[in-house]
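Residue-level structural notes
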Amino acid sequence: MEKKRIKRALVSVYHKDNLDVIIQKLHAEGVEFISTGGTQSFIESLDIPCSAVEDLTGYPSILGGRVKTLHPKIFGGILNRRDLELDKQQIAEYEIPEIDLVIVDLYPFEATVAAGADEATTIEKIDIGGIALIRAAAKNYNDVVIVASQDQYKPLLEIISANGAETSIEERRWFAKEAFAVSSHYDSAIFNYFDGQGKSAFRYSENNSKLLRYGENPHQSGVFFGKFDEMFEQLQGKEISYNNLLDIDAAVNLINDFDDITFAILKHNNACGIASRPVLVEAWNDALAGDPVSAFGGVLITNAIIDKATAEEMTKIFFEVVIAPDYDLEAIEILSQKKNRIILILKNAKIKALQFRSLLNGVLMQDKDTHTEVAENLTVVTENAPTAEEIEDLLFANKIVKHTKSNAIVLAKNKQLCASGVGQTSRVDALTHAIEKADSFKMDLKGAVMASDAFFPFPDCVQIAFEAGITSVIQPGGSINDKLSIESCNENGVSMVTTGIRHFKH
């Protein structure tokens, strides 16, 4: 395929880091430069001649810099079709120079919003000329190269280092694709700023993509869009899979709700073991005791630095992923003995505030469930009130049930998960499953507490729980039959508190 030569470049950028090498190489290839303001000064500081946009257009930068490049002599030079005779005649008639390369970036709108700037400052960071240049050059990729962000400096440098000031149609089309990704992301950010909480349309954009080995199953393709490396540092291990990411997300959301030293084991997005203890190795051992069978091949997470003693206990089972804020050097040596084991440092636990998923012929979106109950949120509805120790266990169990697939029941004692019933079609099934699991692992339920993600429509769960040894219950309340469940608690000496908050999870 015939390559096209870059003869003239328009350069107008906010970020100038690493631009000097590109300018120098293009200058060595005989490329002429047109620029504005600070970028022109930058190019000239390299002892490279550069024409001012104002000299080409005959107009100065006006309206406080809002209008610089918006002129037919600029956009005609970019948009003219080199193989169309009429375009050739018109640019000759109006003395419009051809522009073969546009290097431009955009005002930092998102960063300005994130910094909490006032509206007047934010509005001034909505780029007009830059976005127009990007779209024009990308539209005419048949003849023009568009570099629309600092992220594309490196691929451009690689091309001109290898081929000089010449590009192929495939290369120009790739740059055009990247340019439209930049412009659409930018416009999405501006729309979301103006829309606020209106949610009048769905506009969400992520520029960073990582192709996964496959999706949920090997016959499905999978891609992760996001900046995983901003949240985690991967110390070692195999490539992270689609299912790993789902479990990692569930693990981080769960551990974020705990302040005490806590260790959790997750399988298929649900906790199968979790405990809070003053010493980390004790938290690990008690988390594992809740379900040592399901823990096989699980995802482990803690909010404390993993030490040697804990690492030695952990390696007695097989697990795929471990996540912690940091690791002792001795712990790293122990954990890294399995080379495929994924070891992650959680650098930033901040999770996006919105959740969405494709559904039917559209998208379903909601606010993330960030509500975590504290003692002041609990309403005692029975004759007996829970003890201080039971309140701690009730709040502990309620954090777990919040992150467990509905219908869900969690049984806990002494800040340890005894068992849970997960994803059952009835609450009774969830409870009986939890009791059976606790029995199978010799967990003593006498004096344990029960948490439910939703209200009890009938008193049967309360009665079953009492017979298993449960002494206190936490649930949202709100059923027309709440009175019956409360009466059953009173008859059996069981205390019950309500929260008024339901935590369904599908």
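Residues numbered from 1 in each chain as written. Predicted model: local features only at pLDDT ≥ 70, side-chain atom pairs only at ≥ 80, totals over all residues. Heavy atoms only, no water.

1. Points about the environment of V281
Secondary-structure assignment places V281 in helix α13 (residues 280–289). As a C-alpha pair, V281 and N340 span 59 residues in sequence and 23 Å in three-dimensional space. Ignoring anything within four residues of it in the chain, the contact list for V281 reads A309, T310 and E313. (Helix = DSSP H or I, 4+ residues; strand = E, 2+ residues; numbered from the N terminus. Contact = heavy atoms within 4.5 Å.)

2. Some details on the packing of aromatic side chains
Following the criterion strictly, the structure yields 12 aromatic pairs and no others. Centroid distance Y193 to F194: 5.5 Å. Interplanar angle 85 degrees. Geometry classified as edge-to-face. For F194, a relative accessible area of 51% corresponds to the exposed category. Consider the rings of F202 and F356, whose centres lie 5.1 Å apart with planes at 75 degrees: the pair is edge-to-face. With F202 in the loop between α10 (169–195) and β8 (209–211) and F356 in strand β16 (residues 354–359), this residue pair connects regions lying 154 residues apart in the sequence. A relative accessible area of 33% places F202 in the partly exposed class. Judged by relative accessible area, F356 falls into the partly exposed class, the value being 32%. Put simply, the rings of F109, Y186, Y193 and F194 pair up and form one aromatic cluster. Geometry around F319 places R341 over its ring, the cationic atom sitting 4.1 Å from the centre. Lying across the ring of F258, K399 places its NZ or CZ 5.0 Å from the centre. (Phe/Tyr/Trp six-rings, centres within 6.5 Å; stacked < 30°, edge-to-face > 60°. Buried < 20%, exposed > 50% of the residue type's maximum accessible area, 1.4 Å probe, protein only. Lys NZ or Arg CZ within 6 Å of the ring centre and 35° of its normal.)

3. A look at the pairing of strand β15 (residues 342–346)
The buried fraction of β15 amounts to five of the five residues, a majority that puts the element mostly inside the structure. The alternating pattern of β15 places I342, L344 and L346 and I343 and I345 on opposite faces, both of which are buried. Relative to β15, strand β10 (residues 232–236) runs antiparallel, the two sharing four bridges. Looking across to β15, one finds that E233 is bridged to I345. Assessed by its sense of winding, the connection that carries the chain from strand β14 (residues 319–324) through helix α15 (residues 329–335) to β15 is right-handed. (Pairing = 2+ DSSP bridges. Right-handed = clockwise from strand over helix to strand, strands pointing away.)

4. As for the pattern of salt bridges
A side chain with one charge can pair with a side chain of the opposite charge if their charged atoms come near. A complete count under the given rule lists 21 salt bridges for this structure. Its salt-bridge partner being E29, residue R5 comes within 3.0 Å of it at the nearest N-O pair. Of this pair, R5 sits in strand β1 (residues 4–5) while E29 sits in the loop between α1 (19–28) and β3 (32–35), and the two are 24 residues apart along the sequence. A residue is classified by how much of its surface remains accessible, and R5, at 37% relative accessible area, is partly exposed. Overall, the relative accessible area of 32% leaves E29 in the partly exposed class. Across the pair K199 and D367 runs a salt bridge whose closest N-O atoms are separated by 3.9 Å. Remark: D367 occurs in strand β17 (residues 362–367) and K199 occurs in the loop between α10 and β8; sequence separation between them is 168 residues. (Salt bridge = Lys/Arg side-chain N within 4 Å of Asp/Glu carboxyl O.)

5. With respect to the sheet that holds β10
Spatial ordering of the open sheet is given by β10-β15-β14-β13-β11-β12, a layout of six strands whose pairing is mixed. A single partner strand is all that each edge strand has here, and the edge strands are β10 and β12 (270–276). Strand-to-strand, the axes of this sheet are offset by a mean angle of 20 degrees, without reference to chain direction. Each of β11 (262–267), β12 and β13 (298–302) is contacted by α13, which is oriented at about 30 degrees to β11, the strand it contacts most. (Axes fitted to C-alpha atoms, helices over the stretch in contact; angles between N-to-C directions.)

6. Remarks on the nonpolar core
Counting residues in each nonpolar core, the largest one holds 53 residues, and the members touching the most others are V11, F33, I78, V102, I103 and I146. When residues in this core are grouped by element, the largest group, seven residues, is from α10. Here V102 is in contact with L10, I78, L133, A137, V144, V145, I146 and V147, once residues within four sequence places are set aside. Counting 39 residues, the second-largest nonpolar core is a separate cluster that includes L245, V299, F396 and A412. (Core = buried A, V, L, I, M, F, W, Y, C linked by side-chain atoms within 4.5 Å.)

7. Digging into unusual backbone geometry
S406 connects to N407 through a cis peptide bond whose omega is -15 degrees. Of note, the phi angle at N18 is positive, near 70 degrees, even though the residue is not glycine. Tracing the backbone shows N18 in the loop between β2 (8–12) and α1. We note that D47 has phi near 65 degrees; this positive angle belongs to a residue other than glycine.

8. Here we look at the side chain of D195
Examined against the element boundaries, D195 turns out to sit in helix α10. Here D195 occupies a buried position and makes no salt bridge, while the nearest side chain of opposite charge, K199, is found at 7.6 Å. (Lys, Arg positive; Asp, Glu negative; His and termini not counted.)

9. Details of the packing of helix α18 (residues 460–468) against helix α19 (residues 482–492)
When two helices pack together, their arrangement is given by the angle between their axes and by how far apart the axes lie. With their axes 8 Å apart at the nearest point, α18 and α19 run at an angle of 20 degrees to one another. One way to sum up the angle between α18 and α19 is to call them roughly parallel. The handedness of the crossing between α18 and α19 is right-handed. Across from V462, Q463 and F466 in α18, the residues of α19 making contact are S485, S488, C489 and N492. (Parallel < 35°, antiparallel > 145°, perpendicular 65-115°, else oblique. Left-handed = near helix turned anticlockwise from the far one by under 90°.)

10. A closer look at the sheet that holds β2
Hydrogen bonds along the backbone pair up the strands of a sheet, which may run parallel or antiparallel. The five strands lie next to each other as β4-β3-β2-β5-β6, forming an open sheet whose pairing is parallel. The two strands at the open ends of the sheet, each matched to only one other strand, are β4 (51–52) and β6 (145–147). Pairing of strand β5 (residues 101–104) with β6, which is carried by three bridges, proceeds in the parallel orientation. Residue pairing in the sheet places L101 in a bridge with V145 of β6.

11. What about the packing of helix α9 (residues 153–163) against α10?
Two elements in contact, α9 and α10, have axes whose closest approach is 12 Å; the angle formed by their N-to-C orientations is 165 degrees. With respect to each other, α9 and α10 are oriented roughly antiparallel. Crossing of α9 against α10: the hand is left-handed. Contact residues: α9 offers P155, L156, I159 and N163, while α10 offers E171, W174 and F175.

12. Comments concerning α10
With 27 residues, α10 should reach 39 Å at 1.5 Å per residue; the first-to-last C-alpha distance of 38 Å fits that figure. At the C-terminal side of α10, G196 shows a positive phi close to 60 degrees. (Expected span 1.5 Å × (residues − 1).)

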